[in-house]
Structure formats: structure tokens, C-alpha cells
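# Observations on chain architecture
Now for the letters of each chain:
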Amino acid sequence: MMLLIFLAVFLNRGAFQPPWATAFKPFTSGSSLTHRQITEMAILRKTAEVCRDVAIAEGQDLKLTIDNTLTVFAVQQACSRLYSVHSTHGFQSAMSSTSYSNALVDIDQIHPERHCDAEKIREAQQLITDGLKSVKTDIDEESYVFARISLGIIYHTLQDFYSHSNWVELDKSVPFSKLIDGDKIIDNIADTNTKTCRNCNGSNCSDNILPELKEKNLLTSGYFSMISSSKPEGKCSHGGKFDKSSFKKPTGGINKDEITSSHGIYHQRAADMAIRATMELLEDIRLAKGNQAFLQLVGMNKTSVLAFVIDTTGSMSDDIKAAKRVSFNIIDSRIASAEKPSEYILVPFNDPDFGPLIRTQNAEYFKEKISLLTAHDGGDKSEMSLSGLQMALAGAPPSSDIYVFTDAGAKDFELESTIRAMIENTKSRVNFLLTKTFLFRKRRYVSQSQRSSTRMSQPEIKLYRDLADVSGGHVIEVTKRTLSQATEVITDLSASALVTVLQVMRNPAKAENFSFVLDSSLSNVTMYITGVSPVFTLYNPTGVSQSELVTDGPLGSIQTVGNLRRIKLNSENQTGVWSISINSASSYTIKIIGQSYFNFLFNFVGSEGFHGDFLPKNNRPISGENGTLFLSVTGGELITVTDVLLVEASGSNTVSGTIQSLGGSDYLIHLQRIPEWPFVVQLKGLLNGLNGSSLGQFQRQSLTQQRSSSIKITVKSQSTLQAGIPLNVNFTLISNGSGGNYTIRARNNCGFKVSVPSSLSVEAGGSTQGTATLTPPSNTESGTAVTLIIEAEDPESTDLNYMTLQLTVMAEITDVSKPMCEIVSIKADCPVVCNNALWELSANLTDGNGTGIAKVFIHIGNGSLSTSQLISEDGTNVTVAFYNASCCSPEVQVVAMDGVGNVGTCFTSIKKKIPPQQYLPQIPHQCIPQTHRLCHSLSIFCFSS
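Presented here is a report on the structure given in the accompanying data block. (Residues numbered from 1 in each chain as written. Predicted model: local features only at pLDDT ≥ 70, side-chain atom pairs only at ≥ 80, totals over all residues. Heavy atoms only, no water.)

## Notes on the environment of Gly904
- Mapped onto the fold, Gly904 is located in strand 39 (residues 903-909).
- With relative accessibility at 8%, the residue Gly904 sits in the buried group.
- In this structure the C-alpha to C-alpha distance between Gly904 and Asp284, which are 620 residues apart in sequence, comes to 9.3 Å.
- If we skip the residues at most four places from it in the chain, Gly904 touches Pro819, Val894, Val895 and Ala896. (Helix = DSSP H or I, 4+ residues; strand = E, 2+ residues; numbered from the N terminus. Buried < 20%, exposed > 50% of the residue type's maximum accessible area, 1.4 Å probe, protein only. Contact = heavy atoms within 4.5 Å.)

Shown next as C-alpha cells:
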């Protein structure tokens, strides 16, 4: 049966694209590079260049050698040089997201043009340029998660061109820039009747491309088929043992995926060219959107996000006032410090309304929006709290901390499974601040006789507790008068570079002892304990103890906030093995956090084998089967990993993984069995000094609980859809359990119409197909970001799995032409002593029949730029740019961007006219309000101009 499924999948992929014939390969011999390595090298180098330029503009020197030896830690440290505590977590996470999206192309995007195969190079250019416009639209809307997904897809096609075509065999020394320029026609592709290859000499294919192609500068790429030897006469094949077309004359192939490939002698040149091409594409984005947006795109955030979801129903008047005080205190205390949040998010909810999502980098604007919140309406006991939370989870970056303020249960409790899926997928933490949970809710419209029915029930509170436990967050139960005491807790949890040392949950409660390791990199270590009157004693490595009865003791200070105990450890003598003994009258949790450079990222991935790269799983792993984690230690290579465990979330069971080092700080963790119980991932190891000496033990833990499932649901990845046009999302449901009639649900964060079969029948061990149809309204604005979740639940409602798709609504783009720049005049009469002299440049900028010049700015140079508008004799709209600068700043690059993100540039240098000088480009910044379209959202952002 499995063999038939296997064959069916690949026969449906078409003739050209099995997964093992499509990409730079991992685990190859020698020094072969993969898509993941190429992507990360390009991002590291370009990010370092951008940070260098920003540093120069600020009059500083970025001491960083920009080459392929760069590490994530080195780039993060150099770019964050002004801050006391840094974390590479966001940077590494953003790169991983892009790399995973890149890898998925080998499975989901089977068409030859997606891989530059079968001479589909013009079609590949269209895919790349369309994708680039989608990325720029997402950046405009600050939907960076969606932009990274689109980036990974177009990286793959761009990089495959250099491995699958004959570009490097044509002795080209620079990337093929036309691939990222939709305005350029590629007119040198070998036509259908042009023969391109001859037979290889046995296994030697180094000279199988016909010399006429080089003489005529013609491009070609190989054909591939796993099921047929058919190909056009005289054409090159991709090559490899799975390529049947390579056994038909002309035999052999031309791919350079690894050094053992048919043209493996060119592998390193192809990989180097792919790195440079990826950097060129990133530079296009940087020019169009500015340095700050670029750094956001690559995850170079200085600190965390502050996200509030606030109930605005009638009974919340006092709570809203307290929430305002809490948020204002946090903002004001950090506004001029290194701990200032990188972004603020606000989602109000009521009944029946919720939203809009408001996001901004401007603290004062955020305070203004919170100030405008008022309590009103809300005639029912419960509110739309989960809908508001869903909007925040979709809009916030991964691994965010989200705070929900409410005094009511969830009216939309049917969203629980969707919220769980989004938490697992984003690894964000949800903290609920519940007021008056055990008191009558004094709504002004509720009579005395009705008040007993408006009490928040224990099942309602339990729902919030369950979601908080899944995410690694807290439920803090306070009165309205004591809500402001939660300020310090939120301040703790929204700090930068936060790591989790340990989190345990016991339900039902039992007396137990726990040990944990604090390493020398940790600072601001804080412990949180929830439960009903918990009794505990904390012990440090030397045996000194402190009980819950001592609020200020030898180990730290204890503060009570509602049902939460906050223990702030003293800063001295922390390093070593600590322990805590605890008991409670009810369920309890323990959470220990601190600030540190060092953390880890993980994803369940598919078998690396012949797929081309690590393939992420955006759903729950299959219980009882083996599995693989791709794990990266963030913060450098100073950690020696000794143990990786799956630890039962509410128990003491563990599953240990076998560790395979991939070099640097990356590891594959092989697991013999995925457990049936909910679990977290725990990492143990040794912290090393710069000289290689051991600095003691090291421990970290993931916050978000993971679950397994006996249901498998797969879907082909997609990144865009169009307003008013239904998008059919085909998915496959596979049952590893007893089979039966499975409940199917499909939901999205924007409330778009979505249809899906209510149920699908699957035999035990079998599979079936289904289709979800998502239709954005015809008036949906371009750039709207949509998260679609398809769920499948077993007949007994005891098991569930899901698949998430992140999509962007894109308007049809017809403008592919870049703005043109014509230098009209240069006046430069510069003396030997340049300080007292100026030079001038004037240029005409036009966009033909395109969307028009939308923005003009200086990318290189520190002079003054002004623009004016005129209409030429033939009716063309012309933007006249006038630039003047000191002769000591001899270079300028003027950038023009049109309405859809196409970028044109002018570069001029007068260096030859004056002695060598070092110019200092200055990039002024300004903040403006901008409509944000993440499902009815408002935004403010800063950009270079």
C-alpha cells in the first residue's frame, strides 16, 4: 500500500521534478554547499554590509570582515554594538524561516520553471520578479513573516539557475541580473531546434555542452524525467542515476548540485555565483525599502515585541485604566533604553467585534491608541477573546509575548484548537491577566438578581490556563485594584534576549524536587510559581536555602501578584546546580527565565536523504514513529551539546535523542519514537570559554508544548492569492490510526469565506484527498496577510492535526519596468583642498507608462537632494533631481522607486577630479503614519528617505 502511495505521489509530480533532482544537496561529499548554506551566507554578508553602512552614517566603524566566514553571532554582535544584552534568536529564526521555505520548493513546487530546468528560464524570471513584488508588498505592510516565506521560494529558483543552467560554463564572472529585472527580455536562450549537448565520455561529462553555445552566448538547462527517457532531440539532461532522460543520447547531464554531480567540477563556482545573486536580490530590496526595513526583514530586532489584547466591554472600565497605566509605565521606563520594544501591537475585542490590529514602532503613537480605548457594550457573559488573540498571533512575529486583559470567559471557545495550532506553529507565549475571576461582575446593565450568572466559571478559567500552559505563559488572577502589580511581570517577560532555563507543570499536584542549572552567561534570573498557597524551598549550589515565607532572603526577593509568586534572584553566586522542593494544594507551575546570548531553535524536519535539504513540518509530528529535529544553538559556537530530550510537559517521562553535529552550531537530533504525551524540548550541555576552557554546565528549555498525532495532513505550499478569486488548496489526509470519519475544519484570521468538506472518510493506514477553497472579498487590499489553518480531528475527538498556510493577497501587477535615470549635467570644479568647494549633479527620472516615481532618495552620499516635477515635450512625467555635496563626498547613488517597488539607480563618482577622500553617507529618517492591511490594521513605521 505504501509503495502505491509513494508512486502515486511522484507520478503526480510530473515528468521533470522528483525531489532528489531539484537542488543543491546536503550531506554531499567534500565541500558541497546546500541551498540552506548559500542562503545563510548571502544573508549574513548582505546584513553585515547594511550594518556597516548604517554605522558609517552614524560616524562609527564596524570592524567586521565581510566574507563567507561570517557567523550569525559575529554579525548580530556587530550590528547590535550599542546594546548591552543581545540575542541572535530573532536573526537566526528569520534565516531559518527563509531557508525552510526555500527547501519546501523541492517538494511542493514541482514545475520545471521553478527550478530553471528544461530551458524554462524566461518563465523562471517571471516567477522571481512576481515573487519579489510580493516581498516588497509584505514589507510595506510590515508582514515580515510572510515576506520571508516568499523570499525563500524565489531564492530557490534564483539559486537553481546557477546549478542547472550553463551560465558558469559560459565563463560568466557576475550574476545574471536579468533574472531579477522583469523589464529585461532574456533573448539568448537556445530554441527548441538548437542542439545543446553531446554524449558524455563515459562518466566524464566535463565537456558535453556543445561549443557553439559558448560561441553564440546561448543559455540552456537540463531536462529531467524519473519515468521516461523522452526529451527533445540533442538537448542536455539534468543528470544523475534517477534521471532516465540522461540515458538517452546525448547521455549524461550538466547539473552542479554537488561536487559529485555530472558537472560537479563547476559546483563551487555555481554556489559562489548563487550567493552573489542572492545578495544582489537582497540589495534590490534594501534599495527599495531602506536599511531599517531590511534589518527588520532579516530579523535583526534589538528587543522583543510588546503585544496587548484588551477586552473593551462595559465591565472593563477600571481594567482598561489599569492596563493603560501598566503599558505606559513599561513604555516610559524603556523608551530611551536598550530594552525598548522593537514593535508595539494592540488588539481590542468586544462582543461581537474584535480588532483592528494596530502595530507600530512609535511608542507615543501606541500610547495614544491605548488612551483612546473605552469600555462599552457587551451584553453577554462571554466575549470574543479568542478572536482577538487569533488576530494578535497572526500579526505578531514568532516567539512573541502576548498579554490578554479580560474579566470574562471566551464566547468563541470553538477557536481553541485553532489557537493551539497557532501557538505551536509560532511558538509565541500567551499570558492572561484575569480580573475579578471569583467575584460578581458588576456590569451596569446587569441586575442584582442576574449577577450570580455573570461569574467567570472554572471551565472558562481552565480554558485560559490550558492555552497559557501550551504556550509557556501564565494566567495571573488579580483584582482590578491589584492589576497594576503585574507591571513588573510584564516588564520581565518583554525584555530582550530572554531564555527559559526550566518550566514544569504538575496537574494534579504532587510534592516533588526539581534541579536546574544556571550558567555564567545568565543575568536577571527570575522564577515564577503559580498555585494555591504553594509551599516551597529554594536551594543554591552551596546549600543556602530560602522558603516562600521569607520575602527578602539570602537568595532573592519574593513578590506576590495575585496567584503568582515572583522570585527575583540575587545577582551574586548564581552559577551552578540549583534545586527547589515544592508542594501545592492544587496544580502548579514553575518557570525560570533570564537574559543570555545563548538559546536554541528547533523544528521537526523531514528525512534529509534525497530530498535536497531539510524540510520543515508545519504541523504535529506522528506519534509512535521516529522523528528528526533540526536544532540550532543561537549565540555562537561556545556550547557543547551533550543531551537533547523530549520532556513530558506535566510529568517526568523523557525521550532522549541521538545528536549528529552538522558543523558550527547546527545539529540533527534523531528520535527513535515521538511520544504520545505533550512535551517540551530540553537542551543540556557545557558552556565553553573563548580559549576552549569549560565554564560549567548549561541548560535551556523550550516554552511551547508540542503534541504528536496519528493523523497526517499535508498541503502544497503557496504564498499568494488574488482578491475576489477563489483559491483552491488541495490537501491530503492520511490516517495512521484506526481510521473512520474525520471532522475537517478550515479557518483564517481575516474572516474570509472558506469552504471545506465537513468530514472525510479514511481507512486505517489509508489516505484521501480534500480541497479547501478560500475567497478574499473583491475589495481586499493588496498586501493583506492571511493565515489559513486546515484541521482534521479523529472520530472520537481525541486526536487532531493541522496544517498552516501563510498567504498574501496580491493585486495583479502589470508594471514591471524600472524607473530610468538620465544624468543631465555634472559641475565639479574641485580644488586640492576639498572642504571649501561643492559639486553638483542634475538628473531626469522617468517611469515611462508605469505607475510613476513614488520615492527618490540618496543611498550613497551625504549631500542635499531636491526634486521637482515637469512634463516633457512628448508628455512624459519627469522627476528632476538636483544634488549638491562637498567635494569631500565625491560619490552619489540616487535611487528612484515606482509605485509597485521597481527600483532604478544613478551612480556617479568624481573621485578622479580630487584627492582620495572618505565619504560619510548620511541617511536621514522620518516616521509617518501608514495604513497597515493585516486585516483592518493601522501602522506607523520609520523609513530611510
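So much for the structure itself; the text now carries on.
## Some words on the sheet that holds strand 27 (residues 739-748)
- The strand order 25-32-31-27-29 describes an open sheet built from 5 strands, whose pairing is mixed. Whereas interior strands pair on both sides, the edge strands pair on one side only; in this sheet they are strand 25 (720-721) and strand 29 (759-763).
- Note: strand 27 against strand 31 (residues 785-793), 6 bridges, orientation antiparallel. Across the sheet, residue Thr743 finds its bridge partner in strand 31, namely Glu793.
- Running over the sheet, helix 6 (residues 144-164) touches strand 31 and strand 32 (800-809) and is turned about 90° from strand 32. (Pairing = 2+ DSSP bridges. Axes fitted to C-alpha atoms, helices over the stretch in contact; angles between N-to-C directions.)

## Details of the pairing of strand 4 (residues 401-406)
- With respect to burial, strand 4 is a largely interior element, 6 of its 6 residues being buried.
- Taking every second residue as pointing to the same face, both faces of strand 4 are buried, with Asp401, Tyr403 and Phe405 on one and Ile402, Val404 and Thr406 on the other.
- The pairing of strand 1 (residues 305-311) with strand 4 spans 5 bridges and is classified as parallel. The partner of Leu306 across the bridge, within strand 4, is Asp401.
- Direction of pairing for strand 4 relative to strand 5 (residues 429-435): parallel, over a ladder of 6 bridges. Residue Phe405 lies in a different strand from strand 5, and its bridge partner there is Leu433.

## A short note on the pattern of salt bridges
- As enumerated under the stated definition, the model contains 34 salt bridges in all.
- One salt bridge connects Arg359 with Glu142, and the closest N-O pair in it is separated by 4.0 Å. Residue Arg359 is located in strand 3 (residues 358-360), and its partner Glu142 is located in the loop between helix 5 (121-140) and helix 6; the two are separated by 217 residues in the primary sequence. Summarising the burial analysis for this pair, Arg359 and Glu142 share the class buried.
- Several salt bridges share partner residues, and in doing so they unite Lys46, Glu49, Arg52, Asp53, Glu283 and Arg286 into one network. (Salt bridge = Lys/Arg side-chain N within 4 Å of Asp/Glu carboxyl O.)

## Comments concerning the packing of helix 2 (residues 35-57) against helix 3 (residues 72-79)
- Running from N to C, helix 2 and helix 3 cross one another at 15°; their axes reach a closest spacing of 10 Å. Classified by the angle between their axes, helix 2 and helix 3 sit roughly parallel to one another. Of the two possible hands of crossing, helix 2 and helix 3 adopt the one that is left-handed. Residue-level contacts link Leu44, Thr47, Ala48 and Cys51 of helix 2 to Val72, Val75 and Cys79 of helix 3.
- Across the contact of helix 2 with helix 3, the residue classes tally to 6 nonpolar, 1 polar and no charged. (Parallel < 35°, antiparallel > 145°, perpendicular 65-115°, else oblique. Left-handed = near helix turned anticlockwise from the far one by under 90°. Nonpolar A, V, L, I, M, F, W, Y, C, P; charged D, E, K, R; others polar.)

## Brief notes about the sheet that holds strand 15 (residues 588-595)
- Read across the sheet, 5 strands follow the order 7-15-9-13-12 without closing on themselves; strand pairing throughout is antiparallel. Across the chains shown, the open sheet's two edge strands, defined by having one partner strand only, are strand 7 (498-506) and strand 12 (556-561). Averaged over all pairs of adjacent strands, the angle between strand axes in this sheet comes to 15°, irrespective of strand direction.
- The pairing of strand 12 with strand 13 (residues 564-569) spans 6 bridges and is classified as antiparallel. Each residue of the ladder has a partner; that of Gly556, found in strand 13, is Leu569.

## Description of the pairing of strand 30 (residues 767-775)
- Bridge count for strand 26 (residues 727-735) against strand 30 is 8 bridges, and the pairing is antiparallel. Counterpart to Ile734 in the pairing with strand 30 is Ser767.

## Overview of unusual backbone geometry
- Residues Asp351 and Pro352 are joined by a peptide bond in cis, for which omega reads 15°.
- Relative to the assigned elements, Pro352 resides in the loop between strand 2 (343-349) and strand 3.
- Cis geometry is found at the peptide bond from Asn507 to Pro508, where omega equals 5°.
- Checked against the element boundaries, Pro508 lands in the loop between strand 7 and strand 8 (512-518).
- With phi around 55°, Cys116 is a residue other than glycine that occupies positive phi space.
- Note on placement: Cys116 falls in the loop between helix 4 (89-108) and helix 5.

## Some thoughts on the packing of aromatic side chains
- What the rule picks out here adds up to 15 aromatic pairs.
- Here Phe308 and Tyr403 contribute two aromatic rings whose centre-to-centre distance is 6.0 Å and whose plane-to-plane angle is 80°, an arrangement assigned as edge-to-face. Of this pair, Phe308 sits in strand 1 while Tyr403 sits in strand 4, and the two are 95 residues apart along the sequence. Here the two residues Phe308 and Tyr403 agree in accessibility, since each one is buried.
- Here a set of aromatic residues connected by ring pairs shows up, and it is made of Phe308, Tyr344, Phe366, Tyr403 and Phe405.
- The positively charged end of Lys855 is found above the aromatic ring belonging to Phe857, 4.9 Å away from the centroid. (Phe/Tyr/Trp six-rings, centres within 6.5 Å; stacked < 30°, edge-to-face > 60°. Lys NZ or Arg CZ within 6 Å of the ring centre and 35° of its normal.)

## Points about the environment of Lys231
- In this structure, Lys231 sits in the loop between helix 7 (211-216) and helix 8 (267-289).
- A relative accessible area of 7% places Lys231 in the buried class.
- For the pair Lys231 and Pro250, spaced 19 residues apart in the sequence, the C-alpha separation amounts to 9.9 Å.
- Once residues lying within four places of it in the same chain are set aside, the contact partners of Lys231 are Tyr223, Cys236, Ser237, Ser245, Lys248, Lys249 and Pro250.
- Of the polar contacts made by the side chain of Lys231, one reaches the backbone oxygen of Ser245; its length is 3.3 Å.
- A distance of 2.8 Å separates the side chain of Lys231 from the backbone oxygen of Pro250, its partner in a polar contact. (Polar contact = N/O pair within 3.5 Å; in protein donor to acceptor, adjacent residues only side chain to side chain.)

## Some remarks on the nonpolar core
- With 60 residues, the main nonpolar core has Phe91, Leu151, Phe161, Tyr162, Leu179 and Leu281 as its most contacted residues.
- Counting only elements with at least two residues in this core, the list comes to helix 2, helix 3, helix 4, helix 5, helix 6, helix 8 and helix 9 (291-297).
- Residues in contact with Phe161, not counting those within four places in the same chain, are Cys116, Ile121, Trp167, Phe176, Leu179 and Leu219.
- Residues Ala394, Ala421, Tyr464 and Ile789 belong to the second largest nonpolar core, which totals 36 residues. (Core = buried A, V, L, I, M, F, W, Y, C linked by side-chain atoms within 4.5 Å.)

## Quick look at the side chain of Thr220
- Secondary-structure assignment places Thr220 in the loop between helix 7 and helix 8.
- Of the polar contacts made by the side chain of Thr220, one reaches the side chain of Glu119; its length is 2.6 Å.
- Discounting residues that sit within four places of it in the chain, Thr220 has contacts with Glu119, Ile121, His164, Ser165, Asn166, Thr196, Leu213 and Cys236.

## A few points about the state of the cysteines
- For the coordinates displayed, the defined rule picks out 5 disulfides.
- Bridging Cys821 to Cys906, the disulfide has an S-S length of 1.2 Å. Residues Cys821 and Cys906 are joined by a disulfide whose S-S torsion is about -115°; by sign, that bridge is left-handed. Here Cys821 is found in strand 33 (residues 820-828), whereas its partner Cys906 is found in strand 39, with 85 residues between them in sequence. (Disulfide = S-S within 2.5 Å.)

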